[in-house]
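# Results of the structural survey
Given next are the chains, with one letter for each unit.
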Amino acid sequence: MNQLRLDPLTGRWVVVSTDRANRPRAFAPMAPVQADTSRPCPFCPGNEESTPPALETYGPEGRWLVRVVPNLYPAFEGSEPFVVTNRGPVFTQASAGGIHEVLVLSPDHENTWSALSDEQTGVVMTAIRDRIEEHASIPGLRYSQAIVNSGREAGASIEHPHGQLLGMSFVPRELVEEQAGFARFAGRCLLCTAADAEEDVGHRVVLVICPFWSGTPYEMLVIPRAHGPHLHHSPPADLQAVGRALKSVLGGLREVVGDVAYNLVFHSAPYRAPEPYHWHVHVVPKLTTVAGFELGTGVLINIMNPEEACEELVSVRAVAAGRP
Ligand SMILES: [Zn+2]
Ligand SMILES: [Zn+2]
Ligand SMILES: [Zn+2]
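These remarks concern the structure in this document. (Residues numbered from 1 in each chain as written. Chains lettered and ligands numbered in written order. Predicted model: local features only at pLDDT ≥ 70, side-chain atom pairs only at ≥ 80, totals over all residues. Heavy atoms only, no water.)

## Focus: the overall build of the chain
From N to C terminus, the chain includes six helices and 13 strands. Against the globule reference of 20 Å for 324 residues, the chain gives a C-alpha radius of gyration of 20 Å, in line with a compact fold. Overall size of the chain, expressed as C-alpha extent along the three principal axes, is 50 × 50 × 40 Å. Out of the 324 residues in the chain, the part that is buried amounts to 49%. Expressed as a percentage of contacts within the chain between residues at least 6 apart in sequence, the contacts between residues at least 24 apart total 68%. Element-wise, carbon and sulfur atoms account for 56% of the exposed surface of the chain, whose accessible area totals about 15,700 Å². Computed over 25 positive and 36 negative side-chain charges, the separation of the two mean positions in the chain equals 4 Å. (Helix = DSSP H or I, 4+ residues; strand = E, 2+ residues; numbered from the N terminus. Rg over C-alpha atoms; globule rule 2.2 N^0.38 Å. Buried < 20%, exposed > 50% of the residue type's maximum accessible area, 1.4 Å probe, protein only. Contact = heavy atoms within 4.5 Å. Areas by Shrake-Rupley, 256 points an atom, 1.4 Å probe, with all protein chains shown as cover. Lys, Arg positive; Asp, Glu negative; His and termini not counted. Charge placed at Lys NZ, Arg CZ, Asp CG, Glu CD.)

Structure follows, in structure tokens:
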């Protein structure tokens, strides 16, 4: 049984999820994710019975391209409402109700997002959209977090390309802070304005930038050009364009720095608190380690000028060439 506990020093919720320690190689030392030959990959075709039954599959009859299954080691689970209980003056807890799903990005064990076909990235984005739409219809849930962890250093515990979708009964602090950023901005929309400042030619459907404020080397932000707070209300053409843009930036990243671990973080507004917000995807390569100073202060030290990162990525056509 998982539990949320409030850190009274920071105001952040912590999920205490001891079952997750049982998942494969949860505490394994840093090393490239390697195939565990002692048991077959649970996400490969033919091994479908080693996961719970699929919630959704995409693809032609008899052959799936993308598969959504419940996570065997959920961080959030069950329909308990978000009820906060105080146990004394500093111990605050709540039930960790919600949903935790795995999104298998491809039947091919060796694939990565950058190597997916354009058609496949479209199917992946459609699956993400559909699942968030489904989560949003469930009473008691308020926010969905979609992520892709690629590589051991980025937290992936299984090599087969996959993402995760978490439906949560509360809006996490990171989102609350971004919402506050949008609300503080005294203009039309923070990200529309950032996109305007960066854009060099025409009206692209999607803009990829190395943000001026990047906290880590080669960090990128993928912004659909049409303003909208919710990924799950975005038109299919925009979703497909974002899927292709991710493929292109991850391919570009690979060309510039090699086969690096990375996180994709999909940020979409809480279902019922849409504006002001503009959905987007963070691409965060794991090239440096968050260490004591960053943990102690929340201040990231970026050892690379984002303008330099941008120039390198422009040279392989991963990002827009415009600069503020
Ligand atoms: Zn596999
Ligand atoms: Zn906007
Ligand atoms: Zn964000």
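## With respect to the sheet that holds strand β13 (residues 280–285)
Where strands meet in a sheet, backbone hydrogen bonds hold them as pairs that are either parallel or antiparallel. Taking strand neighbours across the sheet as the criterion, the nine strands line up as β3-β4-β7-β9-β8-β12-β13-β11-β10 in an open arrangement whose pairing is antiparallel. Two strands close off the open sheet at either side, each with one partner strand: β3 (56–58) and β10 (206–209). In this sheet, neighbouring strand axes are inclined to one another by 20 degrees on average, regardless of whether the strands run parallel or antiparallel. Taken together, the four bridges between strand β4 (residues 66–70) and strand β7 (residues 98–104) define a ladder with antiparallel strand orientation. By the bridge assignment, Val68 is partnered in β7 with Leu103. Set on the sheet, helix α1 (residues 118–136) makes contact with β3, β4, β7, β8 (143–150), β9 (162–168) and β12 (262–267); between it and β7 the angle comes to about 170 degrees. Sitting on the sheet, helix α2 (residues 173–184) touches β8, β12 and β13, and the angle it makes with β12 is about 60 degrees. (Pairing = 2+ DSSP bridges. Axes fitted to C-alpha atoms, helices over the stretch in contact; angles between N-to-C directions.)

## Thoughts on the coordination of the zinc ion (ligand 2)
At 2.0 to 2.3 Å from the zinc ion (ligand 2) lie its protein donor atoms, namely Cys189 (SG), Cys192 (SG), His227 (ND1) and His278 (ND1). Around the zinc ion (ligand 2), the four donor atoms sit at angles spanning 104 to 117 degrees, and that spread fits a shape best called tetrahedral. Read from N- to C-terminus, the donor residues coordinating the zinc ion (ligand 2) fall into the pattern C-x2-C-x34-H-x50-H. Of the two residues, Cys189 is situated in the loop between α2 and α3 (190–198) and His278 in the loop between β12 and β13; the sequence distance between them amounts to 89 residues. Given a relative accessible area of 5%, Cys189 falls into the buried group. Looking at His278, the relative accessible area reads 0%, which means it is buried. (Donors = N, O, S within 2.8 Å, 3.2 Å for Na, K, Ca; no water. Tetrahedral: all angles 85-135°; square planar, octahedral: opposite > 155°, others 65-115°.)

## As for the coordination of the zinc ion (ligand 1)
Listed as protein donors to the zinc ion (ligand 1) are Cys41 (SG), Cys44 (SG), His109 (ND1) and His160 (ND1); their distances from the metal cover 1.9 to 2.3 Å. What the four donor atoms of the zinc ion (ligand 1) show is an angle range of 105 to 117 degrees at the metal, which sorts the shape as tetrahedral. Mapping the donors of the zinc ion (ligand 1) onto the primary sequence gives the spacing C-x2-C-x64-H-x50-H. One end of the pair, Cys41, is in the loop between β2 (12–16) and β3; the other, His109, is in the loop between β7 and α1, with 68 residues separating them in the sequence. A relative accessible area of 17% places His109 in the buried class.

## Remarks on the packing of aromatic side chains
Inspection of the entire model under this criterion finds six aromatic pairs. Between Trp13 and Phe82, the ring centres sit 5.5 Å apart and the planes meet at 75 degrees, which makes this aromatic pair edge-to-face. Of this pair, Trp13 sits in strand β2 while Phe82 sits in the loop between β4 and β5 (84–86), placing them 69 residues apart in sequence. The partly exposed category is assigned to Trp13, whose relative accessible area is 23%. (Phe/Tyr/Trp six-rings, centres within 6.5 Å; stacked < 30°, edge-to-face > 60°.)

## Describing the nonpolar core
Counting 48 residues, the largest nonpolar core has Trp113, Ile128, Leu264 and Phe266 as its most contacted members. Examining the composition of this core, we find that eight residues originate from one element, helix α4 (residues 236–257), more than from any other. Once you skip the residues sitting within four places of it in the chain, Leu264 turns out to touch Trp113, Ala146, Ile147, Val148, Leu246, Leu250, Val281, His282 and Val283. By size, the runner-up hydrophobic cluster in this structure holds 25 residues, among which are Ala94, Tyr143, Leu166 and Leu207. (Core = buried A, V, L, I, M, F, W, Y, C linked by side-chain atoms within 4.5 Å.)

## What to know about the environment of Leu231
Its location among the elements puts Leu231 in the loop between β11 (220–224) and α4. The contacts of Leu231, once residues within four sequence positions are left out, are Ile128, Arg129, Ile132, Leu239, Phe266, Ser268 and Trp279.

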